[in-house]
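Observations on the three-dimensional arrangement
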Amino acid sequence: MARPNPPSAESQSQFPLMEEMHGPLSDRAALAESQRCLYCYDAPCIHACPTGIDVPTFVKKISTGDVTGAAKTILTANILGASCARVCPTEVLCEGACVLGHEYEPIQIGLLQRHATDFVTARGISVLDSPAQANGFRVAIIGAGPAGLGCAADLAALGHRVVIFEKEALAGGLNTRGVAYYKMKPQVSLDEVRLVESLGVEIRTGVNVGKDLHADELLSEYDAIFVAIGLGGGSRLGVPGEVGAGVRAALDFIRDIHEMPLESVSVRKTVLVIGGGNTAIDAVSQAKRLGASSATLAYRRKEEQMNAYAFEVAQARAADCRLIFEANPREVVRNDEGNLTGVRFTHASSGMEWIEPCDQLLLAIGQPKQDQLLKSLFPALALNARGCVLTDPLTARTSIHKVFAGGDCANGGMEVVNAVGEGKKAAMAIHHMLTGKPAVPKLQASRSGIARPAAGAGLWNPIRSATH
Ligand code: SF4
């Protein structure tokens, strides 16, 4: 499989701020931190994790020097434990739920999780049990992002033959090509892809279902299908002057950073990013770190209404980025030669109008839903009013027999860990549907809080759900 072009050594030294923001814990620091844990009964940190990682158990293992065992606890619950340790908003998930946070500092669960998963990856230690004996069932998964990989790992561990169809050249989804470089290097994601493949999962990259392969072929050749196609490319502003040189999707900019030597990534002098989510923050921070003289983020609402996490906003400010609020874009301004010179805004409260100068504009105003693609793949698939696949919340079943869905194409765009959790949920339901056996996955933590298919889950009525 082709790999992204890693930055050269000179490139790394040229852009030191592009190194991962949080360094790993030392062995001593990890040991000390793990020994602060209270190993709570019915620990809230487990329930706060969409993949139900048994946090107290893995932290306890680190505290006794069993770092390999800790990694096993993590990865059996969440095959993407290494990337989640870096990109999860732990402050609002497991660490946000930690009881120590009421009076003291919460346990640094994300850093401990990274410590354990990096430990086994760096040493090539295999911690996953061998998959169950092949049971003869075949499952196709469309999309090799976090939801697809999470589903594939659990199904493969249960003995199903799994094939993932991925239209991109590299598997891993946005973890491989859409996360800020200073948060996570793509190699972390690619190592996780290899881990899934080590369970016997076949990943066919460069295969675009709907173009290279008809979805009907999958329906006839496979016993079940899991749809995990994510969201589309970047949305557009829909204002005059937008189409032309100098304007691009922020996700494409971030993708370049993953796939090109850093010195080749196009960063202009005055960069303006429009948007208020984490992608906008990633883009503006990276533009500044890559050498833009000025990097400004413009958001149409107030700061407290941003989707980006407060700690990410603080980090952008710390990187010398400028943030402006209540800025409604009206027009992309160009000179007589057609070159980008700025964006005309009106202020949402005062109505004041001004032009914000820029020679590079990055749009991070969300990703469109894939409703048209979904309908072309599966015309009978029920979608909700937002253009997402309508699924049973307990089983990830769709309105079509033997078709399940999860991740961003079903939830509209959530965290990586939510996608993995939905993939696991679908895996359990698919296993239950195909074998009739209780869905107790091999890859699941003993105290996981993941919902299991309820009795009678097959009676879910998507049409009724759509109207309630
Ligand atoms: Fe440890 Fe905090 Fe989880 Fe309790 S809530 S088990 S102290 S990490």
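See the structure shown above.
Here is a short report on the structure shown in this document. (Residues numbered from 1 in each chain as written. Predicted model: local features only at pLDDT ≥ 70, side-chain atom pairs only at ≥ 80, totals over all residues. Heavy atoms only, no water.)

1. Regarding the overall build of the protein
Stated precisely, the cut-off is as follows: By definition, any uninterrupted DSSP run of H or I lasting at least four residues is a helix, any uninterrupted run of E lasting at least two residues is a strand, and each is numbered from the N terminus. Note on areas: Shrake-Rupley, 1.4 Å probe, and residue coverage restricted to the protein chains presented here.
When you go through the protein residue by residue, the secondary structure sums to 19 helices and 13 strands. Accessible surface for the protein amounts to roughly 19,800 Å². Of this, 51% is attributable to carbon and sulfur atoms.

2. With respect to the sheet that holds strand β10 (residues 340-347)
Two modes of strand pairing occur in sheets, parallel and antiparallel, and in both the strands are linked by backbone hydrogen bonds. Counted only if it meets this: Strand pairing follows a simple DSSP-based rule, namely that at least 2 bridges must link the two strands. In this description, a line fitted to the C-alpha atoms serves as the axis of each element, helices being fitted only across the stretch in contact, and the angle between N-to-C directions of two axes falls anywhere from 0 to 180 degrees.
The strand order β9-β10-β11 describes an open sheet built from three strands, whose pairing is antiparallel. Across the chains shown, the open sheet's two edge strands, defined by having one partner strand only, are β9 (327-334) and β11 (353-357). Going across the sheet, the axis of each strand differs from the next one's by a mean of 30 degrees, ignoring polarity. With five bridges connecting them, β10 and β11 associate as antiparallel partners. Counterpart to valine 343 in the pairing with β11 is glutamate 356.

3. A closer look at the site of the ligand
Our working rule: We call a residue near a given molecule or strand whenever any one of its heavy atoms falls within 4 Å of it. Polar here means any residue other than Ala, Val, Leu, Ile, Met, Phe, Trp, Tyr, Cys and Pro, which are nonpolar, and Asp, Glu, Lys and Arg, which are charged; Gly is therefore polar.
Taken together, Cys37, Leu38, Tyr39, Cys40, Ala43, Cys45, Pro56, Cys98, Val99, Ile107 and Ile109 are the residues near the ligand. Among the residues forming the shell around the ligand, the class breakdown is 11 nonpolar, no polar and no charged.

4. Examining the pairing of β11
The test is simple: Categorising residues by exposure relies on relative accessible area from a 1.4 Å probe, with only protein chains included: less than 20% of the type maximum marks a residue as buried, more than 50% marks it as exposed, and the intermediate range marks it as partly exposed.
Side-chain alternation along β11 places Trp354 and Glu356 on a buried face and Glu353, Ile355 and Pro357 on a face that remains uncovered. Between β10 and the antiparallel strand that follows it, β11, lie five residues; glycine 351 among them carries a positive phi value of about 80 degrees.

5. So, the packing of helix α4 (residues 55-63) against helix α5 (residues 67-77)
Each pair of packed helices gets described by two things: the angle between the helix axes and the distance between those axes. Where we set the bar: With respect to orientation, any angle under 35 degrees is reported as roughly parallel, any angle over 145 as roughly antiparallel, any angle of 65 to 115 as roughly perpendicular, and every other angle as oblique. A crossing counts as left-handed when the near helix is turned anticlockwise from the far one by less than a right angle, and as right-handed when that turn is clockwise. Contacts between residues were defined by any pair of non-hydrogen atoms, one from each residue, lying within 4.5 Å.
At a minimum axis distance of 7 Å, the contact between α4 and α5 shows a crossing angle of 170 degrees. Comparing the axis directions of α4 and α5 gives the class roughly antiparallel. Our pair here, α4 against α5, has a crossing hand that is left-handed. Taken together, the residues of α5 that come into contact with α4 (itself represented by Thr57, Phe58, Lys61 and Ile62) are Val67, Gly69, Ala70, Thr73 and Ile74. Grouping the amino acids of the contact of α4 with α5 by side-chain chemistry returns five nonpolar, three polar and one charged.

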